[in-house]
Each structure stands twice: as structure tokens, then as C-alpha cells.
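Architecture at a glance
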Protein chains: 2
Amino acid sequence: MQELHVNGSRLWETIIETGKIGATPAGGVSRLTLTDLDREVRDWFVQACKAVGCTVTVDEAGSIFARRPGKDNSRDPIAVGSHLDTQPLGGRFDGIAGVLSGLEILRTLEENEYTTESPLEIIDWTNEEGSRFAPAMLASGAFSGVYTLDFIYDTKDREGKSFRDELERVGYLGEVPVGNHRLAGYFELHIEQGPILEMEGQMIGVVRGAQGQLWYELTVNGRASHAGSTPMPMRKDAMLACARIADGVNRIALKHAPDGMSTVGLVELTPNSRNVIPGRAFFTIDLRHPDEQELLAMGEEADALVKDTAADTRTDISMVNVLNMMPMKFDETCVSVVRDSAQKLGYSHRDMVSGPGHDALYVARVAPTAMVFIPCEDGISHNEAESVNPEHMTAGADVLLHAVLEYDRRMSGAR
Amino acid sequence: MQELHVNGSRLWETIIETGKIGATPAGGVSRLTLTDLDREVRDWFVQACKAVGCTVTVDEAGSIFARRPGKDNSRDPIAVGSHLDTQPLGGRFDGIAGVLSGLEILRTLEENEYTTESPLEIIDWTNEEGSRFAPAMLASGAFSGVYTLDFIYDTKDREGKSFRDELERVGYLGEVPVGNHRLAGYFELHIEQGPILEMEGQMIGVVRGAQGQLWYELTVNGRASHAGSTPMPMRKDAMLACARIADGVNRIALKHAPDGMSTVGLVELTPNSRNVIPGRAFFTIDLRHPDEQELLAMGEEADALVKDTAADTRTDISMVNVLNMMPMKFDETCVSVVRDSAQKLGYSHRDMVSGPGHDALYVARVAPTAMVFIPCEDGISHNEAESVNPEHMTAGADVLLHAVLEYDRRMSGAR
């Protein structure tokens, strides 16, 4: 068969060009979901897909499905997707690289007059970021049966505008029932959003699955009193409890090395005054591990740490588990076509698990799924400074193309 | 000689009545310095002092001096003072109890037709709290030569209004040169703002001096990165550094027990997001000890702790010493007349050092000084919930009266 390759220059230019929609002075993109800027990039995307022969449908959650016919259109489509929305001060690649690589695949197939056995679909999922409407991955969550349509419609932004009203306002309240849509397979390319590939000099991450995550919100209730007149034995210092727990969960992660991770990313003290002993501390714990048993053990150790700290500091501490996502494994066939494609194309690669959440994690509940990671500079993401090497971008899209084509062949038994 | 006593009911009613100027719904007082409410209470205070035969002068820093003549008006006056300004959500007693006890002393002397040997003065110091114009104790600092007049005049509130302009606006830009004013002695009654007297069941704190204080501002510069994709060994976690230092300075205080104290009261993380490793932490350390050598040792230990933590966490940490107040001892004669008065009047008492700062700490630089503490409920202050037992209020004012009279006798050799 002919050796197809994506056009890396065209892909890169498309990324730079669409990055002007919501461009920030510091080189990033600010394109919150369902804003006028999001509508603008959606309209552009729909036209670009139609220009390569796609039919475009929109589901009730506003996700866009651009379909290119295959030889046998009774088959379930093979899909490639990600998201075009960004963080308030986001980068040019997070999500965007995945959707536009899908478009580049369609353009490559079109100019090479290559028709797949199964139809192909490129998907732009609504509100992956969750910055405007929480939680994140709202539309892929609805697609996968995690959230009901009522739940996502009632979600409101900080101004009180509902997800449904904003979908309607921007013209993307579609009629295709959400989730009533079978996929033969789903592939998502994404920047790593971490430093591992860059550090090891690898071009491609073959994503075998995702870490499990346990998120907690803790509230320490101590007693606010004067820093100059409250003897140490009489204190109920909420910050001391917070500090010991933050140090303690760090040790828990190190105990579950090399894959365990823990983060205390958010702390709010009350009254937060330099000469008042904090009476209250609100903070978060984020625990991650790719192995379910290890993750659950970390959670139990954190629970014991919190109880001990409450006793030691004479404070009351509530600990609420606000996210409980067990580790997941992607489909073995999907993962293997990604790995085989990287290998065949001569790109250095390593297997890895995803730390961040992605639409693919939800889609994997209802369709065979895998992901392709490419390096990003210094592991920086959710930041205007987000940066990708064009060579890595081309390699990732090429791996994505070949994975899709190989999967198409395997599904149809055409080989 | 006749046995004089303050009129506790009258004092209490005066506190309740003036507490209506700036009263908050939750039972506190919000009367920031040099606001219209501060002017209102100042005008009331001036009239009340004139009603008992005082002449009133105002110095260039806006502090009010109400003078009651003595038998020998060539003598330097003996002064009683504190402040009538409050925190934004302050209580009814902090500062106010000291000024109004002074007024009650004048009223008691007046109705008993008692004339002291030396003249007496009641002082309301401007801007003790420092909530509107930082730093705190601005006017007593200028009085004592700590701050220049230019410095305090240029101080601005958050709206950019200067201390001098606001003095002028409320009509309290006086003409008496600040600090050019000798005092034979200075006594200040204040609520303890801590729990010790209440816990021990003592009515009177005989304040022998003040703790030393070392305040620091620390900035940890780490690296913000994704909590789900940054392996533990690659992290530069600013919160981890902050947590270890907060726990460490707590141990330093305990090492210098029973008098050492340390507090991390204010923490601000950046970006302060639950799934981002904090790239920056700004926080404060407050170290206190009544012994200078011990305090300096605590500062050195904190410095070493910070250096070690920076190395261990691979972060850069700057540590700026923003307050350096060495311990001070009040005048022995002044302290003894307070102690003797409490003893003679049959009130339980204990010697103690002040944790918080007070105008008396600055005045002590230029005049013999002592303080009287009374208990406050649960040690709570700088809070609308601030509460004092009326019996303790009466006892404190009575001790203040007798300390002043005894000091007056000793100064004049009249005994």
C-alpha cells in the first residue's frame, strides 16, 4: 500500500492560524467554551471539515461530529477527537492539537484519494476544560453516560448563565441525541502536559491508560487567637494541622514511588492575618496512582494521617472525598496500533499512563480507546507559555493517522 | 486618706454608650481611625473631658491630651491613655477600655474633689490599630521619636488618602509639636487579648514588659506544574516548602518553651488550584520571646530551617525580616505601683509580659511606663465577639486609679 504522511507544515499553519481566535498578548489562547470566540472557531472547524467532504452533525451537548464516508458506511465510525476550548489563559495546543490533527488526517486522505473501510469521524467535544462550566469533560461525560443531559444543561457559569442557554445562544444546541452514537474506536492525540517525554528525549507517548485519582477537600477548625498572647500549649492552630498534613501526604506519595503522586495545591486560611493564629484552614489533597490497590492504600494512609494530626493539634478536621476515579486501562488493540505505528514510522516512544483527565477517559467507557501523547516544553500546560516542537507535532499526527488506518484495516479484516 | 473607688456602673455605661458610635450588627465596633465615626467619638471624648474641668490640646499627629490641673502645675503630668480607634470588625474594649477608664478616673476625682500633686492627662492616641494606615501605633511612635512627622503624614490608606489630609479633614490636625511633651509617668489599661488571666482565674495582669517580636515575610519560588503528570522527584513544590517551614518554626517555639511562640498566620499560594503544584508561596512567620537572647536564637534557628528546606525542596526562598522589636522592660516603679494597688485592693493578680503591641511600648521609650491587663473572654480580640466581664472592667479601672494616685504621691514625695 501507499505510504501516507500528514503534511506537517499545513497542520502547523492551521494551529497558528486558528490560534488567532482568542489570541492573548503573551502568545496563548483565551477561548472559553460557548463564548463568541468558541463559536468562531467552531464555525471555522465546521467549514474546514465540509471542505474535505464531511457531513457535520451536532449532538444535544454541542459536540461536533464531522463524518467522512468509508467504503462500508454500515460500519460504526472510527473517531479522532479532542477539544477546541481553552483555559482562561491557556495555550495553543491543549486539546486543539488533537482536533486539528484529526482535520489534517482528513485532508491527507482527501488529497491522496484514500478511502477507509469504515467511516471516520472527527469530534470536537464541548467544554473539556471545565473553566467556565464545572465539572470538566462535560459533553464527553454525557456522551459516555456519566452525566445526564439535565445535569449538564443546568450547569451554570459564574454569571449564572446555563450551559443549555449558552449552547443555544452560540447556535450549537444540536438535535442528535447525546450518547446514542456508537464508535468502533476512538483515538485522541494530546500534549503530555508533563515533563516525562521531554526529559527522556522521546517523541511519542503510547498511552496505555490513566492514573486513578482521589481528590479531597479538608476543613480544619481550630481557634483563631492572638499570635502574641496565646501560649503554645493552648493553641488550636489550623495552619499547623494543614502543614503537617501537606508534609505527610508528600511522604505517602514517596512511599508509593515511583508512580504515587500527591499534591496540596490550594490552601485558604481564615482570617489569614500575620499576627492571628489561623482558626480555619480549607485545603485540597490530590492523590494519584496508576494501580488501584496502591491508590486505595494511599487514601487510607491519608485518612489515618488526618486523624492523627487532628488529635495532635487539638483541631477538628473534616475530609471529604470529592473525586474518586479509579485507574483505567485503554483497549489493548487500540494501544497496540498506536505503539506499532510509532515503531513503524521510526519515532522514539514509550508506554505511559495519563496523569491529567481527558475526554478519552470518558469515551473509553463506551468505545475501544487509546491516546497519543507528544512532548510539551518544560511540561508546561494550562498556561500561555505552553509550547510544542513542530517536529513533535508532525510525528504525533503521523502516528495518529497510521494508528487510525491500521485500526481500520484490523476492524474490517482487510489485511 | 479617703478610700477612692471608680464608679464601675458609670464606666460600663460609658463603654456601652460610646460603643454605639460605629456599632456593628454582631455586637462589635467598626471605627477606623480618622473616619467620620472616629471624629464623632473624638468630639464626644473632648466634650466629656472638658465637662470634668480639663483643658484639651491636640498634637500634630492628632493625639488628644486632656489635662486636669494638679496642685503643682510646674510638674510633668502623669498620663493615662490608649486608643479609641478599632479594627474594621473590632470589639468594644480593645483600646477603648483604657481611654474610658482614664475618663472615669477624672470623674471619680472630680466628684470627690481630689486634686493630685502633679497634673493628670488622659490621652487618645491616633491610629493604634494600623488597619487603615500601616504601620500600627503611628502617633505614639511619632510621640516617642520612632517615626518622623513626615513619615506618618505621608502614610496612605488603600484609597490613597494621606494620614495628614485625613487628620485635617476630621479637624484633628493639632498644632502642639509631636513628642515635645514630657510625661512623669504613663499608665495604660488594656484587655489581655489572650487567654492566660481567664484560664488562671486572675483578675489583674501586672504587665512588667513586652515580648520581643521578629516578623518575617517569606517567598518560596518553586515551579508550577500539573499535579497529575509531574513525578515527585521532578517537583519544586512551593507549598511543601511552606508546610515544612510552618511545622519547623512550631518546633522552634516549643524548643524555647514555655515563653517562645511562633505563628504562620498568612499563606498565599500561586496559582492556588487543586490540581496544580504551587509554583509560589508567600507566607509570614511571627516569632516572640520575652528574652532577647532566646528570641535571637529562635531567629537564627528559623533562618537555618529555611535554608535547609530550600535545599531539600529544590526551591528558592527569600526571607525578609520586616519587624525587629527586641523585648522591653517597663519602669520598675510604675510596675510596682500597679502590683501594690492590685494587692491593696484585694484583686487576684499575676505578673506577665505583653504579647501584642501597645502604645505603651513606644511611650516607654520616653517616659516611665506600666500597663494593667484585665481578662477578656476566651482571649478573643480584634473580633466583634470580644467580651469583658463588667466586674473585671471595674477592677482594672480601680487598679489604674490607685496606681496613678500612688505614683503621684511617690513622685511628689507627699507620703
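Residues numbered from 1 in each chain as written. Chains lettered and ligands numbered in written order. Predicted model: local features only at pLDDT ≥ 70, side-chain atom pairs only at ≥ 80, totals over all residues. Heavy atoms only, no water.

Structural notes on the environment of B:Cys376
Residue and element names in this part refer to chain B. Note that Cys376 resides in the loop between β16 (369-374) and α12 (390-412). As for Cys376 and Val388, which are separated by 12 residues in sequence, their C-alpha atoms are 4.9 Å apart. Beyond its immediate stretch of four places on either side in the chain, Cys376 contacts Ile191, Glu192, Gln193, Gly194, Glu198, Ser387 and Val388. (Helix = DSSP H or I, 4+ residues; strand = E, 2+ residues; numbered from the N terminus. Contact = heavy atoms within 4.5 Å.)

Some remarks on the interface of chain A and chain B
Each partner contributes to the interface: chain A provides 51 residues, whereas chain B provides 51 residues. Of all residues in chain A, the largest losses of buried area upon contact with chain B belong to A:His226, A:Met232 and A:Arg274, amounting jointly to 16% of the total for that side. For A:Glu217, the salt bridge goes to B:Arg274, with nearest N and O atoms at 2.9 Å. There are 14 residue pairs in polar contact (both at pLDDT 80 or more) connecting chain A and chain B. (Buried area = accessible area lost by both parts, 1.4 Å probe. Salt bridge = Lys/Arg side-chain N within 4 Å of Asp/Glu carboxyl O. Polar contact = N/O pair within 3.5 Å; in protein donor to acceptor, adjacent residues only side chain to side chain.)

Things to note about the relation of the copies chain A and chain B
Its rotation angle being 180 degrees, the transformation that places chain A on chain B also includes 0.0 Å of axial translation and leaves an RMSD of 0.2 Å. What we have between these two chains is a two-fold relation. When C-alpha positions in chain A are compared against the rotation axis, the closest is assigned to A:Ala243, at 2.1 Å. When the interface residues of chain A are mapped onto chain B, 100% of them again fall at the interface, so both copies present the same face. (Least-squares fit on C-alpha atoms with pLDDT ≥ 70 in both.)

Quick word on the domain arrangement of chain A
Interfaces are frequently sized by the accessible area removed from exposure as the parts join. All names here are of chain A. Split into domains, chain A comes out as domain 1 (8-211 + 327-412) and domain 2 (212-325). Once you take the C-alpha centre of each, domain 1 and domain 2 turn out to be 36 Å apart. The partner domain 2 presents 11 residues to the nine residues of domain 1 that form the contact. Roughly 690 Å² of surface becomes buried between domain 1 and domain 2 when both sides are summed, with 60% attributable to carbon and sulfur atoms. Of all residues in domain 1, Gln211, Pro327 and Gly355 bury the most surface against domain 2, accounting for 73% of the area lost on that side. Taken together, domain 1 and domain 2 are joined by zero salt bridges. Inspection of the domain 1/domain 2 interface yields two residue pairs in polar contact (both at pLDDT 80 or more). A breakdown of the residues in the side of domain 1 that touches domain 2 according to their chemical character gives six nonpolar, three polar and no charged. (Domains from an automatic or database assignment. Nonpolar A, V, L, I, M, F, W, Y, C, P; charged D, E, K, R; others polar.)

Side note on the nonpolar core
Nonpolar side chains in soluble globular proteins tend to be buried together. Within the largest apolar cluster, 96 residues are counted, with the highest numbers of intra-cluster contacts made by B:Phe187, B:Ile204 and B:Met393. If you tally residues by element for this core, the top one is α12(B), at 10 residues. Ignoring anything within four residues of it in the chain, the contact list for B:Met393 reads B:Leu11, B:Trp12, B:Ile15, B:Ala97, B:Ser101, B:Leu189, B:Ile374 and B:Val388. Counting residues in hydrophobic clusters, the runner-up holds 95 residues, among them A:Val46, A:Ala142, A:Leu189 and A:Val207. (Core = buried A, V, L, I, M, F, W, Y, C linked by side-chain atoms within 4.5 Å. Buried < 20%, exposed > 50% of the residue type's maximum accessible area, 1.4 Å probe, protein only.)

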